[in-house]
Amino acid sequence: MIQIVRWEPGTRVVENIPAEKLAERCTATDDQILWIDLTNPTPEEEDTIYKKFFPVHPLTLEDITKPRREPETGAHLPKVEEFADYLFVIINPLPEEMLSTPKGQPSPRNLSRSRPQLSTVVTKHLLITHHYTEMPCIADGQRGLSRHPENLGRGPDYVFHLILDGVVDEYSPVVEKLADQLDLLEHRMFKTPTKALLMKLLRLKRQVSFLRKTMILEREVLARLIRGEFELVDEREIVYYRNVFDHLVRYTELIESAREMVSDLLQTHLSATSNRLNEVMKTLTIISVIGAICTVIAGIYGMNFKNMPELEWPNGYYFALGLMAASVLVVLGLFKWKKWL
């Protein structure tokens, strides 16, 4: 599906243009500002935009269509490239399951394959966004333009900053949920380090690693955008990109802390499991020692030699039991004195 929004200087109106009217009513070079959004487009729609209306480099088109052509490998990782007449940026918003699943639990699906891709082409008068899944950042940007149409008049680079801001803001609740879950796991880990807790911790580690990789790459993209090395990002808009960059840096630091906490909790689980195993082994050892002493006494009095002392003693049975009990008390007292109990 293709959605086209047009704004002309001197007006405060944003006009929605039907896709079939694109060629006759819009151009990519005059004074009007265009935002063309392609949501899960067909190959024919991609050819209409990227080959006929605004031709892009074949490598750019190859990166844009990668999720459709190579679904088994997943989306392209974040990057930014400058061409002669446009700026090409790829970012990876959060997968839908991270945003919609209760408590931010990751889906059993492969997160790398479920990573969405938002491809963006930016020129002085044109913004093209391309994605194969519905994205809240795009929907929020479109609603924002309907309320404040003058924002499109500031240029495609400003509108793109709004989209980036929406992408980065999605990290906040997910990172907070991760921190809450790790705090809860930390308390439960010391009490009952079960296998279920370990599996949950490993799932969280997978999610944290996924977020960290994505956020670090997106941070590098934003770092290049705020350095002023691209002419298509106006100097007056760099301050807005810097604000988005600061938010992303903060979330990246939080996810780094979460990553360290996950590693610490894994070590804690290993230590707690080892300590629990040691306690079990200590208990079994004490039982084995007590049983061995009783077995020795029973074995001695079980030897039916003819000249064995106390063989025909009437109280021998009770003496043997008493000797076993006394030996057990002596052994327990020794363990207590050694502080093994």
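Shown above is the structure to which this text applies.
Residues numbered from 1 in each chain as written. Predicted model: local features only at pLDDT ≥ 70, side-chain atom pairs only at ≥ 80, totals over all residues. Heavy atoms only, no water.

### A short note on the overall build of the protein
Here is the rule we go by: Helix numbers and strand numbers start at the N terminus; a helix is a DSSP run of H or I with at least 4 residues, a strand a run of E with at least 2. Pairs of residues are marked as contacts when any of their non-hydrogen atoms sit within 4.5 Å. Using a 1.4 Å probe, accessible areas were evaluated by the Shrake-Rupley method; residue-level cover was limited to the displayed protein chains.
Counting its regular elements, the protein contains 13 helices and 7 strands. Sequence separation of at least 24 residues holds for 70% of the intrachain contacts in the protein that already meet a minimum separation of 6. When the accessible surface of the protein is summed, it comes to about 18800 Å², and 57% of that surface belongs to carbon and sulfur atoms.

### Things to note about the environment of G228
Summarising the element assignment, G228 is placed in the loop between α11 (195–226) and α12 (235–301). Measuring from C-alpha to C-alpha, the distance between G228 and I238 comes to 7.3 Å, with 10 residues separating the pair along the chain.

### Section: the pattern of salt bridges
To keep things clear, this is the line we draw: Definition used for salt bridges: Asp or Glu carboxyl oxygen within 4 Å of a side-chain nitrogen of Lys or Arg. Whether a residue is buried, partly exposed or exposed follows from its accessible area with a 1.4 Å probe, protein chains only, as a fraction of its type maximum: under 20%, in between, or over 50%, in that order.
Scanning the entire structure with this criterion turns up 14 salt bridges. A salt bridge links E70 to K66; the shortest N-O distance between them is 4.0 Å. R227 is the salt-bridge partner of E229, the closest N and O atoms lying 3.2 Å from each other. Overall, E229 belongs to the partly exposed group, its relative accessible area being 35%. A residue is classified by how much of its surface remains accessible, and R227, at 55% relative accessible area, is exposed. By sharing partners, the salt bridges in this structure join R154, D234, R236 and E237 into a single network.

### So, unusual backbone geometry
For N40, which is not a glycine, the phi torsion comes out positive at approximately 45 degrees. Its place among the elements puts N40 in the loop between β3 (33–39) and α2 (43–53). Of the residues examined, N40 reaches a relative accessible area of 48% and is grouped as partly exposed.

### Some points on the nonpolar core
Looking at soluble globular proteins, one finds that nonpolar side chains tend to be buried together. Inclusion rule: Throughout, nonpolar core names a set of buried Ala, Val, Leu, Ile, Met, Phe, Trp, Tyr and Cys residues whose side chains join them through atoms within 4.5 Å.
Among the nonpolar cores identified, the biggest contains 56 residues, and W35, L87, L211 and L225 are the most heavily contacted of them. No other element matches the 12 residues that α11 contributes to this core. The residues touching L225, leaving out its near neighbours within four places in the chain, are V80, L87, F160, L164, F230, V233, I238 and Y241. Judged by nonpolar contacts, the second largest core, of 19 residues, contains I2, I4, L34 and V56.

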